[in-house]
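Residue-level listing of the chains:
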Amino acid sequence: MTVDIEKTAGDTPPAGPEAIKAIPVRHYGRYISAVVALALLGGIVYAFSQGKINWGAIPDYFFDNRILNGVGKTLLLTVLSMAIGIVGGVLLAVMRLSKNPVTSSIAWFYIWFFRGTPVLVQLIVWFNLGLVFEYINLGPFYKDEWSDFMTPFLTALLGLGLNEAAYMAEICRAGLLSVDEGQTEASHALGMSHTKTLRRIVIPQAMRVIVPPTGNEVINMLKTTSLVSVVQYPELLRAAQDIGQTSGAPAEMLFLAAAWYLLLTSVFSIGQYYLERYYARGSSRSLPATPFQKIKANVLSLSSRSKPTGGTA
């Protein structure tokens, strides 16, 4: 027996699932904090604009030859001091990790002394060592009075470079200790010497840990060079102070120097970012996005949100 099932005209197929309308979470606290921050920034800018400061003097001297010469000397001192600090730091780190108690103790004492005394004090001591050593005598190679030998440039270079070596030693030591000891044991089992193991196995892998804090040290060194103005070295701050005394705008020239330091540190920070990104290739599954890629992603996300979404009929 068959049963006929009649379909009425009003029967319709069941409708599909209703489209989900996503409503973004509104972060009202962010909006309030942004308004407060902008209000504070506006108040600070207004206060400085109403102060007795001749802001027109800053662009007048921004590219002055004396300022540009000071910028060049600041960069030169930064590069040379960091070179001394990095080379000395690597040697001190290897000495600290040595099984020889004499070399390890010497490295420990060096790091303890130079990290324990302020850089400004070290610069002044180097500049006044003529009270202890009247002459410097290197035999047939060189002999002169200490005051003529210890120029402001040499004082600044030794004071900053030797102090930086103490900090770089700890950074390099942390990087060397981050490499698994099994790799050192394996290289020794293959007949490699300790020096070759450090050069070919340990140091290349330790660079991933050493590079980020070293970049911070470079930026810090750039700003620390301002201390050498006390030993009469004509770097950026000293040049700005000299112009301020002759032009009658000492405060304005300090703002000018601050603007140059901000510009230089920003350039160095960009270089540090890309250097860290380069050494992160072997440790990260995906490299962090560059600033340009972040801006592009934000623009695309905003454009996609602004487009209307089609609903179901």
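Look up: the structure comes first, before these words.
1. So, helix α9 (residues 194–224)
Reasoning step 1: Look at α9: only 36 Å from first C-alpha to last across 31 residues, short of the 45 Å you get at 1.5 Å a residue.
Reasoning step 2: At Arg-208, α9 is bent by approximately 45 degrees, the largest bend along its length, and proline Pro-212 sits one to four residues beyond.
Reasoning step 3: The opening residue of α9, the one whose side-chain oxygen lies 3.3 Å from the backbone nitrogen of Lys-196, is Ser-193.

2. Here we look at the side chain of Gln-272
Reasoning step 1: For Gln-272, the location among the structural elements is in helix α11 (residues 250–279).
Reasoning step 2: Under the relative-accessibility criterion, Gln-272 is labelled buried at 12%.
Reasoning step 3: A polar contact is formed between the side chain of Gln-272 and the backbone oxygen of Pro-212, at a distance of 3.2 Å.
Reasoning step 4: The contacts of Gln-272, once residues within four sequence positions are left out, are Pro-212, Gly-215, Asn-216 and Ile-219.

3. Looking at the nonpolar core
Reasoning step 1: Membership of the largest hydrophobic core comes to 21 residues, with the highest contact counts inside it found for Leu-77, Leu-160 and Val-228.
Reasoning step 2: Elements with a minimum of two residues in this core: α3 (65–96), α5 (119–127), α7 (152–177) and α9.
Reasoning step 3: No other element matches the seven residues that α7 contributes to this core.
Reasoning step 4: Ranked by size, the runner-up nonpolar core spans 18 residues in total, among them Ala-57, Leu-256, Ala-257 and Leu-264.

4. A look at the packing of aromatic side chains
Reasoning step 1: A complete count under the given rule lists twelve aromatic pairs for this structure.
Reasoning step 2: An angle of 85 degrees between the planes, with centres 6.0 Å apart, marks the rings of Phe-48 and Phe-255 as edge-to-face. Taken together, the positions of Phe-48 in helix α1 (residues 28–49) and Phe-255 in helix α11 put the pair 207 residues apart, joining distant regions of the chain.
Reasoning step 3: Since its relative accessible area comes to 39%, Phe-48 is described here as partly exposed.
Reasoning step 4: We classify Phe-255 as partly exposed; its relative accessible area is 31%.
Reasoning step 5: Relative to Phe-114, the ring of Phe-113 has its centre 5.3 Å away and its plane inclined at 85 degrees; by these criteria the two rings are edge-to-face.
Reasoning step 6: Ring pairing ties together the aromatic residues Trp-108, Phe-109, Tyr-110, Trp-112, Phe-113 and Phe-114, which thus form one cluster.

5. As for the environment of Gly-85
Reasoning step 1: With respect to the element layout, Gly-85 can be found in helix α3.
Reasoning step 2: You can call Gly-85 buried: its relative accessible area is 0%.
Reasoning step 3: Remark: the alpha-carbon pair of Gly-85 and Leu-158, spanning 73 residues in sequence, is separated by 9.8 Å.

6. Digging into the layout of surface pockets
Reasoning step 1: Put simply, the largest pocket is a space of about 480 Å³.
Reasoning step 2: Along its surface, the largest pocket is lined by 16 residues, and Leu-97, Glu-181, Thr-184, His-194 and Leu-198 are the ones closest to its centre.
Reasoning step 3: Counting residues per element, the ones that place at least two in the lining of the largest pocket are α7, α8 (181–189) and α9.
Reasoning step 4: A class-by-class count of the residues in the lining of the largest pocket yields seven nonpolar, five polar and four charged.

Parameters at a glance
- Residues numbered from 1 in each chain as written.
- Predicted model: local features only at pLDDT ≥ 70, side-chain atom pairs only at ≥ 80, totals over all residues.
- Heavy atoms only, no water.
- Helix = DSSP H or I, 4+ residues; strand = E, 2+ residues; numbered from the N terminus.
- Expected span 1.5 Å × (residues − 1).
- Bend = angle between axes of the 7 residues up to and from the residue.
- Polar contact = N/O pair within 3.5 Å; in protein donor to acceptor, adjacent residues only side chain to side chain.
- Buried < 20%, exposed > 50% of the residue type's maximum accessible area, 1.4 Å probe, protein only.
- Contact = heavy atoms within 4.5 Å.
- Core = buried A, V, L, I, M, F, W, Y, C linked by side-chain atoms within 4.5 Å.
- Phe/Tyr/Trp six-rings, centres within 6.5 Å; stacked < 30°, edge-to-face > 60°.
- 1 Å grid on protein atoms, 1.4 Å probe; cavity = no way out; pocket = protein on both sides within 12 Å on 5 of 7 lines; lining within 4 Å.
- Points joined across faces, edges and corners; volume = space filled by probe spheres on them.
- Nonpolar A, V, L, I, M, F, W, Y, C, P; charged D, E, K, R; others polar.

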